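Take a look at the letters that make up each chain.
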Amino acid sequence: MAPTPRLQVGDTAPAFSLTDADGNTVALGDFKGRKVVVYFYPAASTPGCTKQACDFRDNLAELNDAGLDVVGISPDKPEKLAKFRDKEGLTFPLLSDPDRSVLTAWGAFGEKTMYGKTVQGVIRSTFVVDEQGKIEVAQYNVKATGHVAKLRRDISV
């Protein structure tokens, strides 16, 4: 299988329109004029993804104050996302990409190494999209723990 193309700083962010945990449609264009952190994670309610989502939740006020919105995207169905959001008290949109088309367009689905084996799956990735829809930060294979602190340092928030 060919490696998934990766987005670079300065690229136009691939448009998306996905269903959130409540069945509403959320599009990248909804954030036009604001910066948005778009992060991709493998599965709701797993230990690493819970840690990462709660880290974004705990830093959301500072990110929002700096003009950044946050959106999480996974292949999970909206019902699972709603349970995850409610259990963890998440206050930012969680979007469902069950066919993985958005994950693939952003380079966040493909070959990865897991427990020493090469597998197909979600590549934990985080992006900052600027007010004009361009990629300002592109981070692949991020760690769930400590990632938001690193991102805040990288973008000086």
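Residues numbered from 1 in each chain as written. Predicted model: local features only at pLDDT ≥ 70, side-chain atom pairs only at ≥ 80, totals over all residues. Heavy atoms only, no water.

Draft legend 1. Quick look at helix α2 (residues 78–88). What α2 keeps buried is the set Pro78, Leu81, Ala82, Phe84, Arg85 and Glu88. Buried residues of α2 fall within an arc of 165° about the axis and therefore sit on the same side. Opposite the buried face of α2, at more than 90 degrees from it, the exposed residues are Glu79, Lys83, Asp86 and Lys87. Summarising the contacts, the buried residues of α2 are in contact with β1 (17–20), α1 (47–65), β4 (68–74) and β5 (94–96). In the segment just after α2, Gly89 is the residue with positive phi, at about 65°. (Buried < 20%, exposed > 50% of the residue type's maximum accessible area, 1.4 Å probe, protein only. Helix = DSSP H or I, 4+ residues; strand = E, 2+ residues; numbered from the N terminus. Arc of directions from axis to C-beta. Contact = heavy atoms within 4.5 Å.)

Draft legend 2. Main features of the sheet that holds strand β9 (residues 135–140). If you walk across this open sheet you meet the 7 strands as β2-β1-β5-β4-β3-β8-β9, and the pairing is mixed. Both edges of this open sheet fall to β2 (25–27) and β9, since each of them pairs with a single strand only. Adjacent strand axes in the sheet meet at a mean angle of 30° when their direction is disregarded. Here strand β3 (residues 35–40) runs beside β4; their pairing, made up of 6 bridges, is parallel. Bridging across to β4, Val36 finds its partner in Asp69. Lying on the sheet, α2 is in contact with β1, β4 and β5; it crosses β5 at an angle near 165°. Against the sheet, helix α4 (residues 147–154) contacts β3, β8 (125–129) and β9, and its axis sits at roughly 145° relative to β9. (Pairing = 2+ DSSP bridges. Axes fitted to C-alpha atoms, helices over the stretch in contact; angles between N-to-C directions.)

Draft legend 3. Looking closely at the pattern of salt bridges. If you walk through the whole model with that rule in mind, you get 8 salt bridges. Notably, a salt bridge pairs Asp58 with Arg57, separated by 2.9 Å at the nearest N-O pair. Using a relative accessible area of 52% as the deciding quantity, one classes Asp58 as exposed. For Arg57, a relative accessible area of 27% puts it in the partly exposed group. The residue Asp154 makes a salt bridge to Lys150 at a minimum N-O spacing of 2.8 Å. Of this pair, Asp154 and Lys150 are both found in helix α4, 4 residues apart, which corresponds to roughly one turn of the helix. A relative accessible area of 42% means that Asp154 is categorised as partly exposed. A relative accessible area of 38% places Lys150 in the partly exposed class. (Salt bridge = Lys/Arg side-chain N within 4 Å of Asp/Glu carboxyl O.)

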